[in-house]
Protein chains: 2
Amino acid sequence: MKLFELCGNDREVRFSPYVWRVKLFLQHKGLDYETVPLHFVEKEQLGNVTPQTFPALQDGDRIISDSFEIAKYLDQTYPQNMIFSTQTELAQASSLLAMVDRIIAGGLFSMVALDVWKQLDEQSKEYFRKTREARVGQTLEDFVADREDRLTSFRQDLAPFRKPLESFSYLSGDEPGWLDYTVMGTFMWARTISDFAFLEENDPLYQWEKRMSELWDGAFVERKRAV
Amino acid sequence: MKLFELCGNDREVRFSPYVWRVKLFLQHKGLDYETVPLHFVEKEQLGNVTPQTFPALQDGDRIISDSFEIAKYLDQTYPQNMIFSTQTELAQASSLLAMVDRIIAGGLFSMVALDVWKQLDEQSKEYFRKTREARVGQTLEDFVADREDRLTSFRQDLAPFRKPLESFSYLSGDEPGWLDYTVMGTFMWARTISDFAFLEENDPLYQWEKRMSELWDGAFVERKRAV
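Residues numbered from 1 in each chain as written. Chains lettered and ligands numbered in written order. Predicted model: local features only at pLDDT ≥ 70, side-chain atom pairs only at ≥ 80, totals over all residues. Heavy atoms only, no water.

Looking at this structure, I do not really get the relation of the copies chain B and chain A. What am I missing?
A rotation about an axis combined with a shift along that same axis relates the two copies of the chain. The two copies are related by a screw motion: chain B maps onto chain A through a turn of 180° and a shift of 0.0 Å along the axis, at an RMSD of 0.0 Å. The transformation just described matches what one would write down for a two-fold rotation axis. Among all C-alpha atoms of chain B, that of B:E89 lies closest to the rotation axis, at 2.8 Å. Here 100% of the contact residues of chain B are again contact residues in chain A; the copies associate through an equivalent surface. (Least-squares fit on C-alpha atoms with pLDDT ≥ 70 in both. Contact = heavy atoms within 4.5 Å.)

Quick question: what am I supposed to make of the interface of chain B and chain A here?
One frequent convention defines the size of an interface as the accessible area lost when the parts assemble. Counting residues at the interface gives 29 residues for chain B and 29 residues for chain A. Together chain B and chain A conceal approximately 2400 Å² of surface at their shared face, both sides included; 58% is due to carbon and sulfur atoms. For the pair chain B and chain A, the interface holds two salt bridges. Across the pair B:R102 and A:D157 runs a salt bridge whose closest N-O atoms are separated by 3.6 Å. One can count 10 residue pairs in polar contact (both at pLDDT 80 or more) joining chain B with chain A. (Buried area = accessible area lost by both parts, 1.4 Å probe. Salt bridge = Lys/Arg side-chain N within 4 Å of Asp/Glu carboxyl O. Polar contact = N/O pair within 3.5 Å; in protein donor to acceptor, adjacent residues only side chain to side chain.)

When you look at the confidence of the model for chain A in this model, what are you seeing that I'm missing?
Detailed reading of the predicted model is not advised wherever pLDDT is low. Across chain A, pLDDT averages 91, with 93% of residues at or above 70. This prediction of the complex comes with two scores: 0.92 for pTM and 0.92 for ipTM. (pLDDT = per-residue confidence, 0-100.)

What is the right way to look at the sheet that holds strand β1 (residues 2-6) of chain A in this model?
Hydrogen bonds along the backbone pair up the strands of a sheet, which may run parallel or antiparallel. All names here are of chain A. The strand order β2-β1-β3-β4 describes an open sheet built from four strands, whose pairing is mixed. A strand with exactly one partner marks an edge of an open sheet, and here the two such strands are β2 (34-38) and β4 (62-65). Here the average twist between neighbouring strands, direction ignored, is 20°. Across the sheet, helix α1 (residues 17-29) touches β1, β2 and β3 (56-59), and the angle it forms with β1 is around 150°. (Pairing = 2+ DSSP bridges. Helix = DSSP H or I, 4+ residues; strand = E, 2+ residues; numbered from the N terminus. Axes fitted to C-alpha atoms, helices over the stretch in contact; angles between N-to-C directions.)

What should I look at first to understand the pattern of salt bridges in this one?
Charged atoms that come close allow side chains of opposite charge to pair. Residue and element names in this part refer to chain A. If you walk through the whole model with that rule in mind, you get 30 salt bridges over all chains. The closest approach of N and O atoms between K29 and D75, which form a salt bridge, is 2.7 Å. Taken together, the residues K29 in helix α1 and D75 in helix α2 (residues 67-77) connect sequence positions 46 residues apart. By relative accessible area, K29 is classed as buried at 2%. The class of D75 is buried, set by a relative accessible area of 7%. (Buried < 20%, exposed > 50% of the residue type's maximum accessible area, 1.4 Å probe, protein only.)

Here's what the structure looks like:
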């Protein structure tokens, strides 16, 4: 399997939250894969992959985009270590996904957007600034200027994701599962491109993040490159 | 089993969202129960029930409060028709619960708080106004004054709860489950005490609500009273 992913000017810097999620899904399933790290402006190398978005997972003739679709595809095609053990887990996950993307990915983006830009190659920098500034309606610098002030409400908004940790070691129970991978993938993106300390060290999610980073001896972080 | 619940001046009017959730859990489990409808200011009739909050489910010698704790208790004690089939469903539910309470229960309260007050007996009216106005920092009338303007953002905030309906008939999959009962219980509360049309008729959640209200021939709505 080949996983097409976004990388920084330094191609070792991988920072799509959605790609990180897929890497964790693949590790959970025990599936081997190679990665193809591409700059934002190198999408033409995806060839006839449609839609041209990351992650894109190539498995033989098939190409699947969207991390949630990839999770479902992996369960259908490789039934070991199911990501979703019941239909209810999957249905609940579809609600939770929207919350993770809004609260965590959206919240972090408003704090690390400029740090993303700094990691990019020159051509992608231009592309990223233009598209993102149009989306948020201000310069990236202005967008993140008050990030310290926004931390309090961001940390409050995380409250629902701390709830499972009152009873379990992971967000999915005694063992890590889809919600863990989805939140952790989002954190990995921010950690990879930014030093911004968005969690306090006494936050249960901070301890959880440490446990997550030690899974499989951290194997999901290191992967050989195809190009 | 006895279910202590809140009621209006007309004791047929039951309006705790958390009690409605429990009624749906009990129906799902196929368990029979009687209800004890009490006014806000009749809590002393709970006797030595601690904490003195609704719902309170009495099952023999045991009394359980909090709708989520009641769901777990029912699964442990009566293993038929499990509310949570896997630990992951339960762990995910604990996150989702915080979102339902914040987005749906909190959102609806900001629109129907005055309607709740109108349904109460005279003594409870005084108690409710005093405690709730202290909490929200304004009169109930001012609190709900702009509810029409708040509808747009409320309906947008519901987006994550529409996600499962893109693939399934219910929020929990092909069959109703915990998330359905928890959201429906919250809607039942608002519907019972208010005519405020918080959903548009073309909203997938509106159609889902209709399907939910037809479960068990609507049996969960009608229950004989113990007092």
